[in-house]
Amino acid sequence: MDDLVERAREAVEKAYCPYSEYRVGAALRTTDGAVFTGCNVENANYSNSVHAEEMALGEAVREGHREFDRIAVSSGVRDGVTPCGMCRQSLAEFCEESFVVVCDRGDDVVEYELGDLLPAAMSLDTLTAARREREG
């Protein structure tokens with residue numbers, strides 16, 4: 001199994017999710033090989049919960065990283081969980097559409113490109129195109 005997936009699985013164990021009991025861990029690798037992990041931290045108001053992918057990204061950005069190689073995401077049930085729309089958008093801020101997202105399914109993994117997971121991701125290009133459409 002990929003070392004990045006193993007690191008994501010380790011992060012799953014640190015998750016705090018007393019309400020849903022759905023544990024998620026993520027491991028984000030920078031282009032220079034540093035790895036940052038995160039786990040989900042939920043509260044009674046789910047919309048304010050912290051997601052594993054964003055926690056890993058936040059740690060990396062705090063340490064000055066802005067270029068990333070790939071991310072692995074795992075859950076306690078190894079169901080092939082993919083990053084949610086919010087996390088995809090956060091990753092899209094720093095990563096190209098070809099950025100690799102590895103999703104843990106237990107015995108195997110599924111790899112996606114970020115651009116395939118969120119085809120309508122907002123970027124400077126899409127915002128500019130939308131403005132041009134409105135202006136005619």
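So, how was this worked out
Residues numbered from 1 in each chain as written. Predicted model: local features only at pLDDT ≥ 70, side-chain atom pairs only at ≥ 80, totals over all residues. Heavy atoms only, no water. Helix = DSSP H or I, 4+ residues; strand = E, 2+ residues; numbered from the N terminus. Buried < 20%, exposed > 50% of the residue type's maximum accessible area, 1.4 Å probe, protein only. Polar contact = N/O pair within 3.5 Å; in protein donor to acceptor, adjacent residues only side chain to side chain. Contact = heavy atoms within 4.5 Å. Pairing = 2+ DSSP bridges. Axes fitted to C-alpha atoms, helices over the stretch in contact; angles between N-to-C directions. Parallel < 35°, antiparallel > 145°, perpendicular 65-115°, else oblique. Left-handed = near helix turned anticlockwise from the far one by under 90°. Arc of directions from axis to C-beta.

Engineer: How should I be thinking about the side chain of S49 in this particular structure?
Structural biologist: As for its position among the elements, S49 is in the loop between β2 (35–39) and α2 (52–62). Among the residues examined, S49 registers a relative accessible area of 12% and is labelled buried. In this structure the side chain of S49 is engaged in a polar contact, spanning 3.3 Å, whose partner is the backbone nitrogen of N43. Among all residues touching S49, those that are not within four sequence positions of it are V41, E42 and N43.

Engineer: Looking at this structure, how should I read the sheet that holds strand β3 (residues 68–75)?
Structural biologist: Neighbouring strands of a sheet are bound in pairs by backbone hydrogen bonds; such pairs are parallel or else antiparallel. Strand order in the open sheet made by the 5 strands is β2-β1-β3-β4-β5, with mixed pairing throughout. Edge strands, defined here as strands with exactly one partner in the open sheet, are β2 and β5 (109–113). Across this sheet, the average inter-strand angle for adjacent strands is 20°, counted without regard to direction.

Engineer: Looking at this model, I keep getting lost on the packing of α2 against helix α3 (residues 85–92). Mind explaining?
Structural biologist: Working note: a packed helix pair is described by the angle between its axes plus the distance between those axes. Where α2 contacts α3, the axes come no closer than 9 Å and their chain directions differ by 25°. By the angle class used here, α2 and α3 are roughly parallel. Once α2 is placed against α3, the crossing between them reads as left-handed. Residues E53, E54 and L57 of α2 form the contact with α3, whose participating residues are M86, C87, S90 and L91.

Engineer: Looking at this model, I keep getting lost on α2. Mind explaining?
Structural biologist: Along an α-helix, a turn takes 3.6 residues, which lines up residues three or four apart on a common side. Residues A52, E53, A56, L57 and A60 constitute the buried set of α2. With its buried residues spanning 130° around the axis, α2 presents them on a single face. Summarising the contacts, the buried residues of α2 are in contact with β1 (24–30), β2, β3 and α3. Just past α2, the residue G64 takes up positive phi, approximately 95°.

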